[in-house]
Amino acid sequence: MTSIQDIRHRLAPRLEELNDLIAAELMSGNGLMNNVISGYLEHRGKQLRPIIVMLVAEMLGHSGPNVTDAAASVEILHNASLIHDDVVDNSDTRHGHDTINAIWANHIAVLVGDFFVSTSLRLALRTGDMRVIGVIASLGRLLSVGEMDQIYNAREHTLTEDAYFEVISHKTASLFEACVEMGCYCAGVDDDRLRRLREFARLLGLCFQIKDDLFDYSGSDKIGKPTGNDLREGKITLPLIHALSASTHPDRENMLELSRRGSLSDSEIATLIAFAHDAGGMDYALGRLNELHARAIAILDTFPPSEASASLRALADYVIDRDN
């Protein structure tokens, strides 16, 4: 069975080319900027998003240099959003490493994030495809709207499943959709295959975020943030949203009132997590996760078997099975 490690090993030369391009494009004439960015690039994630760009283009029969430019563009914009999110959330660490704002202060982090955004657009321009540039421009808007939606929902105590899915569609699924769009455009594909792959990516992105949100209620030593961190920041996600909709649960009203408080203690967070488990919120979220995953796999099955499609399937499995 193909694993994420197998995928990365097979794509190793292309990922090395990707990372060399990213490092080169993010260098500037400013020593401080270069110092901050060099430190940041020492801690790369799994780079799932550029991998999706590469796999989609490969599945559609293309692997030219424009794929690397497009993959680098979306990866840099993704990192820009993380840098800015860390400022917005006052985060000191991400995946166990100090954030730019923790090391260098907020004003430098904002400027570095802006530099990443501009570099992302430059790389999109290098593809010579206006559709790719349009994807990056639209993605930047959606990521910002998603973050604002989340802030608004927290302030207004909007605790509906529809509102939750709208937020994660904007701030997470949109990135995955952008990746398959770029892979398709680089391969010269703009037909029903694009529509199907866009829906696959949307479902995959929803799965990714639900899995991330489940960590907040169960914990993992590998995720780089403490259990209940989302609740600590006022973010109510699917397990608790569903639990609070269980109108027959005897603790529902008390938990609803508790969830609307501006600042929660560790014991209050533990109480809400226990309630989410007891009222069926965790089981419900896991059920939705598996349902969305099955729908995503069914879409992949409409494409001819290939090494690239098998890798995309393995990546979809990894998204729901991962422990970080």
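As shown above, the structure is provided for reference.
Heads up: these notes are all about the structure in this document. Values in this document were obtained by computation on a predicted structure and should not be read as measured data. (Residues numbered from 1 in each chain as written. Predicted model: local features only at pLDDT ≥ 70, side-chain atom pairs only at ≥ 80, totals over all residues. Heavy atoms only, no water.)

So, about the packing of aromatic side chains. Enumeration according to the criterion identifies three aromatic pairs in this entry. Seen from their ring centres, Y40 and F116 are 5.7 Å apart, and the 85° between their planes marks the pair as edge-to-face. On the criterion of sequence distance, the pair formed by Y40 in helix 3 (residues 31-41) and F116 in helix 7 (residues 106-126) is long-range, its members being 76 residues apart. Given a relative accessible area of 1%, F116 falls into the buried group. Relative to F208, the ring of F176 lies with its centre 5.5 Å away and its plane at 45°, an arrangement referred to as tilted. Linking F176 in helix 9 (residues 161-186) with F208 in helix 10 (residues 192-218), this pair joins segments that are 32 residues apart in sequence. Looking at F176, the relative accessible area reads 0%, which means it is buried. Stacked on the ring of F208, the Lys or Arg R49 has its end atom at 5.2 Å from the ring centre. Seen from the ring of F208, R322 lies directly overhead, with NZ or CZ sitting 4.0 Å from the centre. (Phe/Tyr/Trp six-rings, centres within 6.5 Å; stacked < 30°, edge-to-face > 60°. Helix = DSSP H or I, 4+ residues; strand = E, 2+ residues; numbered from the N terminus. Buried < 20%, exposed > 50% of the residue type's maximum accessible area, 1.4 Å probe, protein only. Lys NZ or Arg CZ within 6 Å of the ring centre and 35° of its normal.)

Mapped onto the elements, N35 comes out in helix 3. You can call N35 partly exposed: its relative accessible area is 46%. Through-space distance from the C-alpha of N35 to that of S63 is 33 Å; in sequence the pair is 28 residues apart.

Within the secondary structure layout, R49 lies in helix 4 (residues 48-59). In this structure R49 is buried but unpaired, with E75 as the nearest side chain of opposite charge at 5.4 Å. A distance of 3.4 Å separates the side chain of R49 from the side chain of H78, its partner in a polar contact. The contact partners of R49, leaving out residues within four places of it in the chain, are E75, H78, L175, F176, C179 and F208. (Lys, Arg positive; Asp, Glu negative; His and termini not counted. Salt bridge = Lys/Arg side-chain N within 4 Å of Asp/Glu carboxyl O. Polar contact = N/O pair within 3.5 Å; in protein donor to acceptor, adjacent residues only side chain to side chain. Contact = heavy atoms within 4.5 Å.)

Time to look at the pattern of salt bridges. Summed over all chains, the structure comprises 26 salt bridges. With a closest N to O distance of 2.8 Å, R193 and D191 form a salt bridge. A relative accessible area of 36% places D191 in the partly exposed class. E199 is the partner of R295 in a salt bridge, and the nearest nitrogen-oxygen pair spans 3.8 Å. Of this pair, R295 sits in helix 15 (residues 281-300) while E199 sits in helix 10, and the two are 96 residues apart along the sequence. When salt bridges with common partners are traced through the structure, they connect E161, E199, R202, R288, E291 and R295 into a single cluster.

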